[in-house]
Amino acid sequence: MADLPGGLAFEARVAWRELRGSWARLLLVALCLAAGFAAFFATALFSARVLRGVRAESRAILGGDAALTVNGLFPGGLRERAAALPGVESSTLLYDFATVAEGNGQARLVEVRAVEGGYPLAGRLTLEPAVARQAGAVYGERALVEGWNLEPGALVSLGGRAFPLKGILAFDESRQASAFALGPRLLMDRADAEAAGLLTARSRLSGKLILRYGPKADPKALETALRGLAAHETVRVRVQTHEDAAAALAQPLRNLNRFVQQLGVMTLLLSTLGAWAILSAYLGARARDAAILRCLGVGPGGPFRIYGLLVLMLLGLALLLGFGAGLAAAAAVPRVLGDLIPAALQGGALGWPPPLESALAVLLVLLLCLPALLALRGASPLGLLREGLDARTPTLLTGLCLGAAALAAALLLVRSAPTPAAGWAMVAGLGSLFLLLYGSARLLVWMFRRVGLRSPLPLRLGLGQLGAKPTLTGLLMAVMGLAVFLTLSAQLVKDDVVGPLQAQTSAAEKPNLFLMDVQPAQREGVLALLAKEGAKAPLEAPIVRARLVSVAGRPVVDRRNAERERDRSEARDRGEDRGEGFRTREQNLTFRDRPGASEAVVAGRFWAAGGPAADEISLEEGFATAIGAKLGDAMVFDVQGQELRGRVTSLRKVRWQSFQPNFFIVLHPSLLKDAPALHLVAAEADPGARARIQNGLARGFPNVTPIDVSEILGKVDRILQTVAIVTRVLAGLMIASALLVLAASLLAGRLGRARDLALLRTLGATDAVLLRSLAWEFTLLGGTAALLSAVLAWNLARLYVVRVLELDSSPSLVSALVLLLLAAALTAAVGLAGSVKALRLKPLEVLRGE
Amino acid sequence: MIELRGLTKTYPSPEGGSLTVLEDVSLAIPKGASAAILGPSGSGKSTLLGLMAGLDRPTAGTVRVADQDLGALSEVALAAFRARTVGFVFQSFHLLAHFDALQNVLIAAELAGLEDAGAKAEEALKRVGLAERRHHVPGQLSGGECQRVALARAVVARPPILLCDEPTGSLDAKNADRVFGLLKELHQDLHATLVLVTHDAHLGAQMGLTFALERGRLVDGQHG
């Protein structure tokens, strides 16, 4: 045996020669896999970096080790009790509120943070010029200072008192936690805010006590002690550790990351499927070579090891290329995302990809290739040569390998899902979808071949090619179908979710300025100001603040913190946590005599306009469910000490995206006619008019809070645009993976295709006939897969938007048609381009080469 | 008839320069005659056959087949010539693997523009004794049966020229005899000109004319 050719060195040499001999098609296989790995690594690396950033920055995000937060003024004595806890090193109290600031003849809503000396206890605060913060002065963010052309020392009015601007608030690390802001931030001294009358019991503000622990403090014990202190307060006190703050910030990021990571995993699975299809066909075609090697004396395991080494080389190359591309993409992502994720969270090294997921991805490829490799090991050389090279793996072994590969793919998906249950649901959904697409593709090929028997010759030739390798055709169609399905469904869902918002940002004659807390005596004056500045179509809604006392005879008790905290985790598990919040918070009641333009009655009957007095209440349907109210239930409210009774007579569906003045609770006008109402006024005005209106309000109606919705919508729009770009890039990557798979499969089957084309040419087929047959083949391949998946995506996306997101769905036919045509055209283009070389070969050369 | 004059064919050599496969070959085969082209491997037999079929163009010289100068024909006209004038039989059958026997023959009939192509394809298969197996794909047929399908495909359009490249080279003796017998019958029935490339002198001897090629040159041409 020692004289026989063999040994790892020999096998490695043969594998290397094989790689060099078929480098073009094998490189495509590697590229195909690399595209999937790149998407997977890029999304995983970026997500890991952001979440690591959140954890590292958690103290800076909160400004300390723990915080106690209340709505309104901070309870007397609580600060002293908290600061006296053993282990607490220092504390600082601050207030956050929104108010209108005036400066240089202009006015706008700003977010004020009123702080004490020592703020922040953790994290970075940068003022320009870099001097210590002074009392009696304010510091504004650059947007405000430069927007108003404020010079150092310029006066900024807040609550009727003017403060000199001493500098720019260049960076406040705790600001990163706020994705949305009503306006630029102003930093001032808490004592100054108190002196200006900005901190009163009637003000809308949030008080926060931030604590810093000493080096020997026990954070767990302190958290328990703080929760104990909070539990004895009558007002709700929220206790937040820096880990909580990080988790709260991380949650939406985690959700975004999961979405992006899932798309990455799906791209990896698509490309793996494609690479599997090509490698299986390639290895199947190596049966003859394996038999020849065996005849030459290579041992039974030789071909397995040679082609196994080849697969490992390809995998190594794909991993290397994929990791490099993934690193580059992850490094470039911050530029694409812009300010969607705080810049400080995106810094730092990218690290390494998740080891378990990466191992699963590699294992998946190996398991898929194993049956084809084992077939080379198991076949006898003589039998192979005599029986037409029909090497087969035992069915059981193939089944086991494919089963294990399916499990690895499922685990990859589950690991990227928010919860294991959601992950397994996704696995079931995607698995069914894949089987459906694969089965439909096989069925369609079968039907085409039978229906197409009498069809014109080019179509028949195209159908013949599709049916020649039904498994490969089925896999290619399933891969292309999955890519189209994921792309189109993501696009349609995004359109339905963001479409109305984007329409709002660009629509004319829609409210873009909301004025809050207009008192009855100010109403005429405010409306006159709006009319003077040319604001169009002001909408008004009275607002009466109240507390809910009981629903259907069940009292709503505003329990103490201790009780609430105890029940919270259980309630959250039952999905009732939201209901308690809805029931116990301050309610905004309104009254009107007909449903608004953005709402529709879905149950019961809305009262008739101008009808007699009635105790009728209309609730938004989701709110009714959350507080446990049904049609006919009695509701009791406390309006500034007065009891107000009514019964639910209708439920409404509200289109919240409309940016109209919408309310959860609408009462019959007769119920609230004597109640103390403030007014909400919404108007549409151009940017110049909005600035003048805000100036007018600051001077004449300082208690009125103007909210410029177009600024918020502008930010929403930028975020939506970013999400759209990310979705499109990943969708493009999926389609590109599918096309790469097609190109690689064409290259793998080039010899057979060249032979068939040469033969047809010998029989008298012209270039035109051959080109038409190729066009039919690839258009049918891409078009049918795209049509099938477009129909599925259309219906499932609609179902998801209507049933799960509870939004109106109007999927764009144009999007579906464009994607369908694009998929068919791209498939035809890639298919034709991949066949040009085979088409150009001289028939005699090809046929003699057989 | 087939008339070749001063035919030369060279290919670029991988080492640079050129490789001459045929050199100054001239021969004539009268209409309805049968001819064998003999020679060892690499002597240029198949290249010569390909030039007669219009599958390639000569470097120098002229090819006239059935009164047509193939050098003057466009690619489209050459395709039409192959479809209607020439029937080709290869050593390794070259059937379309994913079509059944009937479809393989039918495709050739349709490319030739035959009316009632389906019936003619069925008839051709019947003629070679494969009517019962018309719906079998090549993978389900033996080597001899595959070559008979290829024969049916070659004659379905009743072409005036039949070109065969080692048609029995891949078959056992029994099947080779059957295929060769069929070929001769079809040649007689169709009154077609039959050109057979082979290195089997025994087969060559059964043809009316024999031409011998050696290193691309015609070294012998005689009436059998």
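Starting afresh in each chain, residues are numbered from 1 along the sequence in its written order. Naming scheme: in the order in which they are written, chains are lettered from A and ligands are numbered from 1. The predicted origin of the model limits local features to residues at a pLDDT of at least 70 and limits the giving and counting of side-chain atom pairs to 80 or more, whereas totals for whole chains, interfaces and linings rest on all residues.

1. Describing the overall build of chain A
Stage number 1. Put simply, DSSP H or I for four residues or longer makes a helix, DSSP E for two residues or longer makes a strand, and each gets a number counted from the N terminus. Counting its secondary structure elements, chain A contains 28 helices and 21 strands.
Stage number 2. Within the span of chain A, comprising 850 residues, buried residues form 44% of the whole.
Stage number 3. Whether two residues are in contact is decided by their C-beta atoms, placed from the backbone, lying within 7 Å. Intrachain contacts of chain A at a sequence separation of at least 6 include 85% that bridge at least 24 residues. Think of it as a crowd count around each C-beta: if 20 or more other C-beta atoms lie within 10 Å the residue is buried, if 12 or fewer it is exposed, and in between it is partly exposed, with C-beta placed from the backbone throughout.

2. So, the overall build of chain B
Stage number 1. Within chain B, the secondary structure is distributed over 7 helices and 10 strands.
Stage number 2. Counting over 224 residues, chain B shows a buried share of 50%.
Stage number 3. At a minimum sequence separation of 6, the contacts of chain B that also span at least 24 residues come to 68%.

3. Quick look at the interface of chain A and chain B
Stage number 1. Contacts between the two partners involve 18 residues from chain A and, on the opposite side, 23 residues from chain B.
Stage number 2. Mapped onto the side of chain A that touches chain B, the elements with two or more residues apiece are helix H16 (457-468), helix H25 (750-762) and helix H28 (843-849) of chain A.
Stage number 3. Residues of the side of chain A that touches chain B, tallied by class, amount to 8 nonpolar, 5 polar and 5 charged. When residues are sorted by character, Ala, Val, Leu, Ile, Met, Phe, Trp, Tyr, Cys and Pro go into the nonpolar class, Asp, Glu, Lys and Arg into the charged class, and all the rest, Gly among them, into the polar class.

4. With respect to helix H3 (residues 101-111) of chain B
All names here are of chain B.
Stage number 1. Burial analysis of H3 places 11 of its 11 residues in the buried class, the great majority of the element.
Stage number 2. Among the residues of H3, those classed as buried are Ala101, Leu102, Gln103, Asn104, Val105, Leu106, Ile107, Ala108, Ala109, Glu110 and Leu111.
Stage number 3. Immediately beyond the C-terminal end of H3, within one or two residues, lies Gly113, with a positive phi of roughly 75°.

5. Observations concerning the nonpolar core
Stage number 1. In this structure, Val29(A), Phe37(A), Val479(A) and Val105(B) are the most contacted members of the largest nonpolar core, which totals 211 residues.
Stage number 2. Considering each element in turn, this core owes the most residues, 18 residues, to helix H2 (residues 23-56) of chain A.
Stage number 3. Any set of buried Ala, Val, Leu, Ile, Met, Phe, Trp, Tyr and Cys residues joined through C-beta atoms within 7 Å is what this text calls a nonpolar core. Listed in part, the 45 residues of the second largest apolar core include Val110(A), Trp148(A), Met188(A) and Leu513(A).

6. Some words on H25(A)
Residues and elements named next belong to chain A.
Stage number 1. Over its 13 residues, H25 extends 18 Å from the first C-alpha to the last, a length consistent with the 18 Å expected when each residue adds 1.5 Å.
Stage number 2. For H25, a buried count of 10 out of 13 residues is recorded, marking the element as mostly surrounded by other parts of the structure.
Stage number 3. Taken together, the buried positions of H25 are Arg753, Ala754, Arg755, Asp756, Leu757, Ala758, Leu759, Leu760, Arg761 and Thr762.
Stage number 4. Looking at the residues trailing H25, positive phi occurs at Gly764, about 110°. One less than the residue count of a helix, multiplied by 1.5 Å, gives the span that helix is expected to have.

7. Some points on the confidence of the model for chain A
Residue and element names in this part refer to chain A.
Stage number 1. Of the residues in chain A, 82% reach a pLDDT of 70 or more, and the chain-wide mean stands at 79.
Stage number 2. The element-level mean pLDDT for chain A is lowest in helix H19 (residues 561-574), coming to 46, with strand S5 (residues 138-140) highest at 92.
Stage number 3. Confidence per residue, as judged by the predictor, is encoded in pLDDT with a range of 0 to 100. For the stretch residues 384-391, pLDDT sits under 50, and the model shows 13 contacts to residues farther than four places along the chain or on other chains.
Stage number 4. pLDDT under 50 marks residues 568-578. Its contacts with residues more than four places away, or in other chains, come to 6 contacts.

8. Focus on the sheet that holds strand S1 (residues 2-12) of chain B
Stage number 1. Spatially, S2-S1-S4-S5 (chain B) is the arrangement adopted by the 4 strands of the open sheet, whose pairing is antiparallel. Since the sheet does not close on itself, it has two edges, and those belong to strand S2 (18-29) and strand S5 (68-69) of chain B, each with one partner. Only strands joined by at least two bridges in the DSSP assignment are considered to pair.

9. Here we look at the environment of Gly139(B)
Residue and element names in this part refer to chain B.
Stage number 1. Within the element layout of this structure, Gly139 appears in the loop between helix H4 (117-127) and helix H5 (143-155).
Stage number 2. The exposed category is assigned to Gly139, around which 11 C-beta atoms lie within 10 Å.
Stage number 3. In the structure, Gly139 is positioned 40 residues away from Phe99 in sequence and 10.0 Å away in space, judged by C-alpha atoms.

10. Re unusual backbone geometry
Stage number 1. Following Tyr119(A), the chain continues to Pro120(A) via a peptide bond in cis, the omega torsion being -5°.
Stage number 2. The step from Glu128(A) to Pro129(A) runs through a cis peptide bond, and the omega angle for that step is -5°.
Stage number 3. As for its placement among the helices and strands, Pro129(A) is situated in the loop between strand S4 (125-128) and S5.
Stage number 4. The backbone phi angle of Asn149(A) is positive, close to 55°, even though this residue is not glycine.
Stage number 5. Within the fold, Asn149(A) resides in the loop between helix H5 (142-147) and strand S6 (155-158).
Stage number 6. Look at Asn149(A) and you get exposed, because 11 C-beta atoms sit within 10 Å.
Stage number 7. The phi dihedral of Arg215(B) is positive, around 50°, even though this residue is not glycine.
Stage number 8. Tracing the backbone through its elements, the reader meets Arg215(B) in the loop between strand S9 (209-214) and strand S10 (217-223).

11. Examining the environment of Ala119(B)
All names here are of chain B.
Stage number 1. Here Ala119 is to be found in helix H4.
Stage number 2. We classify Ala119 as exposed; it has 11 C-beta atoms within 10 Å.
Stage number 3. Note: C-alpha distance between Ala119 and Ala109 (10 residues apart in sequence) is 9.8 Å.

12. Some points on the pairing of strand S8 (residues 193-198) of chain B
Residue and element names in this part refer to chain B.
Stage number 1. Summarising burial for S8: 6 of the 6 residues are buried, a large majority.
Stage number 2. Neither face of S8 is exposed, since Thr193, Val195 and Val197 on one face and Leu194, Leu196 and Thr198 on the opposite face are all buried.
Stage number 3. As defined by bridge partners, strand S3 (residues 34-38) adjoins S8 across 5 bridges and the pair is classed as parallel. Counted as the bridge partner of Ala35 is Val195 from S8.
Stage number 4. As defined by bridge partners, strand S7 (residues 161-165) adjoins S8 across 5 bridges and the pair is classed as parallel. From the neighbouring strand, Ile161 faces S8, where its bridge partner is Thr193.
Stage number 5. When the strands point away from the viewer and the path from the first strand over the helix to the second turns clockwise, the crossover is right-handed. Crossover connection from S7 via helix H6 (residues 173-190) to parallel S8: handedness right-handed.

13. Brief notes about the packing of H25(A) against helix H27 (residues 813-840) of chain A
Any two packed helices are characterised by the angle at which their axes cross and by the distance between the axes.
Residue and element names in this part refer to chain A.
Stage number 1. With their axes 8 Å apart at the nearest point, H25 and H27 run at an angle of 55° to one another. The angle between the axes of H25 and H27 places the two elements in the oblique class. Here the hand of the crossing between H25 and H27 comes out right-handed. On the side of H25, the interface is formed by Arg750, Arg753, Ala754 and Leu757, while H27 contributes Ser835, Ala838 and Leu839.
Stage number 2. When the residues that make up the contact of H25 with H27 are grouped by side-chain class, the tally is 4 nonpolar, 1 polar and 2 charged. For helices, the fitted axis covers only the stretch in contact; all axes are lines through C-alpha atoms, and the angles between them, taken along N-to-C directions, range from 0 to 180 degrees. Just so you know how the angles are binned, under 35 degrees is roughly parallel, over 145 roughly antiparallel, 65 to 115 roughly perpendicular, and the rest oblique. Here is the rule for handedness: rotate from the far helix to the near one, and if that takes an anticlockwise turn smaller than a right angle the crossing is left-handed, while a clockwise turn gives right-handed.

14. A closer look at the pairing of strand S9 (residues 205-213) of chain A
All names here are of chain A.
Stage number 1. Of all 9 residues that make up S9, 7 are buried, and the element is covered over most of its length.
Stage number 2. Sheet topology note: the strand S1 (residues 66-71)/S9 ladder contains 6 bridges and is antiparallel. Counterpart to Ala66 in the pairing with S9 is Leu211.

15. Describing the environment of Gly64(A)
Residues and elements named next belong to chain A.
Stage number 1. Along the polypeptide, Gly64 turns up in the loop between helix H3 (58-62) and S1.
Stage number 2. Residue Gly64 is classed as buried on the basis of its C-beta count, with 27 C-beta atoms lying within 10 Å.
Stage number 3. Ignoring anything within four residues of it in the chain, the contact list for Gly64 reads Arg59, Leu121, Ala122, Ile210, Leu211 and Arg212.

16. Brief notes about the confidence of the model for chain B
Close inspection of predicted coordinates is inappropriate in any region flagged by low pLDDT.
Stage number 1. Averaged over all residues, the pLDDT of chain B is 89; the fraction at 70 or higher stands at 98%.
Stage number 2. Here the predicted complex carries an ipTM of 0.83, next to a pTM of 0.63.

17. Remarks on the packing of H5(B) against H6(B)
Residue and element names in this part refer to chain B.
Stage number 1. The contact between H5 and H6 brings their axes to 10 Å, and the two run at 10°. The angle between the axes of H5 and H6 places the two elements in the roughly parallel class. Listed contacts from H6 to Gly143, Gly144, Gln147, Arg148, Leu151 and Val155 of H5 are Asn175, Arg178, Val179, Leu182, Leu183, Leu186 and Leu190.
Stage number 2. Residues belonging to the contact of H5 with H6 are distributed by class as follows: 7 nonpolar, 4 polar and 2 charged.

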